[in-house]
Amino acid sequence: VDWGMWIAPAEGRTIGERPGLNQLRQSRFVLNVININTERPGFSDARVRRALNLAIDRRANLEAIKDITAGKYGSIFMLGTPFERTQTVMETTPGLRRPTDEDIADAQQLLADAGYPNGQGFPTVDLVVRETVDQRTWFPLLQAMLKERLNIDSEIRILDASGVSDEVNSGNFDMASGGIQGVVPDPAFYLKQMLGMCEGTLCSSNTSRWISPEFNAILDELTEELDLSKRVEISNRLFDVFLEGVP
């Protein structure tokens, strides 16, 4: 082999120690997310989406695939930018931190308030996932969390990349793997594409189909503001709205 890329982390940690081989590590601005279809029964209620956000342990998912694919735990703001959340925020904020007993109790109460006490009556969740090893590893963990913490049943559908794209773009899913590459790592750009409106319609990457006038208004503020300190303050308000809607 003269050249190779996308080496699994388990091999990548030591490959540079082998005689005759050199290693280069490169970071990319990519957000890997779970899309929630806000138009589907149950998921149109923000209380349900907040319940899911409180109950899912995304750090456990990352730990399960650490030898398959490299990644760092973060929020909707790219790591390494002035907008990223501090470690303190990530470790203390419900919905960002590892779920506590209180978080799970709050999630169960939110589900009950939405009309699904102990998950009763909630439709079986359609989980659409790519065929890659990492996603086939951590989506069953997600499935187990939904059942154990919220008593929500789900079914996993494994598709290739084009199949996932077709289903997500047509809205034929409840929850699905997704992501967006921050070619421009500015939230005013990539969050608009991922969660915003473009000329009165959903932007092309807004596959959650989330419409929030407040979120879009703050995005416009962020786009127009040039002062960095003010932009960071605006991003804090944007994040608060996101945590209320969690699309």
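As shown above, the structure is provided for reference.
Residues numbered from 1 in each chain as written. Predicted model: local features only at pLDDT ≥ 70, side-chain atom pairs only at ≥ 80, totals over all residues. Heavy atoms only, no water.

### A short note on the sheet that holds strand β3 (residues 154-159)
Phase 1: Read across the sheet, four strands follow the order β1-β4-β2-β3 without closing on themselves; strand pairing throughout is mixed. Sheet topology places β1 (30-36) and β3 at the edges, where each strand pairs with a single neighbour. Taking the axes of each pair of neighbouring strands and ignoring which way they run, one obtains an average angle of 30° across the sheet.
Phase 2: As paired elements, strand β2 (residues 125-130) and β3 share six bridges and run parallel to each other. Of the residues in β3, the one forming a bridge with Val 128 is Arg 157.
Phase 3: Each of β1, β2, β3 and β4 (175-181) touches helix α6 (residues 133-150); the most contacted strand, β2, lies at about 165° to it.
Phase 4: In this fold helix α7 (residues 161-170) packs onto β2, β3 and β4, with an angle of close to 125° to the strand it touches most, β3. (Pairing = 2+ DSSP bridges. Helix = DSSP H or I, 4+ residues; strand = E, 2+ residues; numbered from the N terminus. Axes fitted to C-alpha atoms, helices over the stretch in contact; angles between N-to-C directions. Contact = heavy atoms within 4.5 Å.)

### Points about the packing of aromatic side chains
Phase 1: Tallied over the entire structure, the rule returns seven aromatic pairs.
Phase 2: Judged by centre distance (4.4 Å) and plane angle (40°), the ring pair of Trp 138 and Phe 139 falls under tilted. Both residues of the pair, Trp 138 and Phe 139, belong to the buried class.
Phase 3: Taken together, Phe 77, Phe 83, Phe 239 and Phe 242 form an aromatic cluster joined through their ring pairs.
Phase 4: Over the ring of Phe 239 we find Arg 85; its NZ or CZ atom is 5.1 Å from the centre of that ring. (Phe/Tyr/Trp six-rings, centres within 6.5 Å; stacked < 30°, edge-to-face > 60°. Buried < 20%, exposed > 50% of the residue type's maximum accessible area, 1.4 Å probe, protein only. Lys NZ or Arg CZ within 6 Å of the ring centre and 35° of its normal.)

### Brief notes about a nonpolar patch on the surface
Phase 1: Where nonpolar side chains cluster on the molecular surface, the patch consists of Val 183, Val 184 and Phe 189 and spans about 280 Å² of accessible area.
Phase 2: Within the secondary structure, Phe 189 sits in helix α8 (residues 187-195). (Patch = residues over 30% accessible without salt bridge, like charges linked within 9 Å, V, L, I, M, F, W, Y side chains within 5 Å. Areas by Shrake-Rupley, 256 points an atom, 1.4 Å probe, with all protein chains shown as cover. Salt bridge = Lys/Arg side-chain N within 4 Å of Asp/Glu carboxyl O.)

### Description of the side chain of Ser 75
Phase 1: Examined against the element boundaries, Ser 75 turns out to sit in the loop between α3 (58-64) and α4 (87-92).
Phase 2: Given a relative accessible area of 13%, Ser 75 falls into the buried group.
Phase 3: Separated by 3.2 Å, the side chain of Ser 75 and the backbone nitrogen of Phe 77 make a polar contact.
Phase 4: Apart from the residues lying within four places of it in its own chain, the contact partners of Ser 75 are Leu 31, Arg 85, Met 90 and Phe 239. (Polar contact = N/O pair within 3.5 Å; in protein donor to acceptor, adjacent residues only side chain to side chain.)

### A short note on the packing of helix α2 (residues 46-55) against helix α5 (residues 101-113)
Phase 1: Where α2 contacts α5, the two axes come as close as 8 Å, and the packing angle between them is 160°. What the angle tells us is that α2 and α5 run roughly antiparallel. Considering only the axes of α2 and α5, their crossing is left-handed. Contact with α2, carried on its side by Arg 47, Val 48, Arg 50, Ala 51, Leu 54 and Ala 55, involves Asp 103, Asp 106, Ala 107, Leu 110, Leu 111 and Asp 113 of α5 and no other residues of that element. (Parallel < 35°, antiparallel > 145°, perpendicular 65-115°, else oblique. Left-handed = near helix turned anticlockwise from the far one by under 90°.)

### Description of the nonpolar core
Phase 1: Membership of the largest hydrophobic core comes to 28 residues, with the highest contact counts inside it found for Phe 43, Leu 52, Leu 142, Ile 152 and Met 175.
Phase 2: Of all the elements in the fold, those that place two or more residues in this core are β1, α2, α5, β2 and α6.
Phase 3: With six residues, the top contributor of residues to this core is α6.
Phase 4: Contacts of Leu 52, omitting those with residues within four sequence positions, involve Ile 36, Phe 43, Leu 146, Leu 150, Ile 152 and Met 175.
Phase 5: If you look at the next biggest cluster of nonpolar residues, it comprises 26 residues, including Leu 31, Tyr 73, Leu 191 and Leu 243. (Core = buried A, V, L, I, M, F, W, Y, C linked by side-chain atoms within 4.5 Å.)

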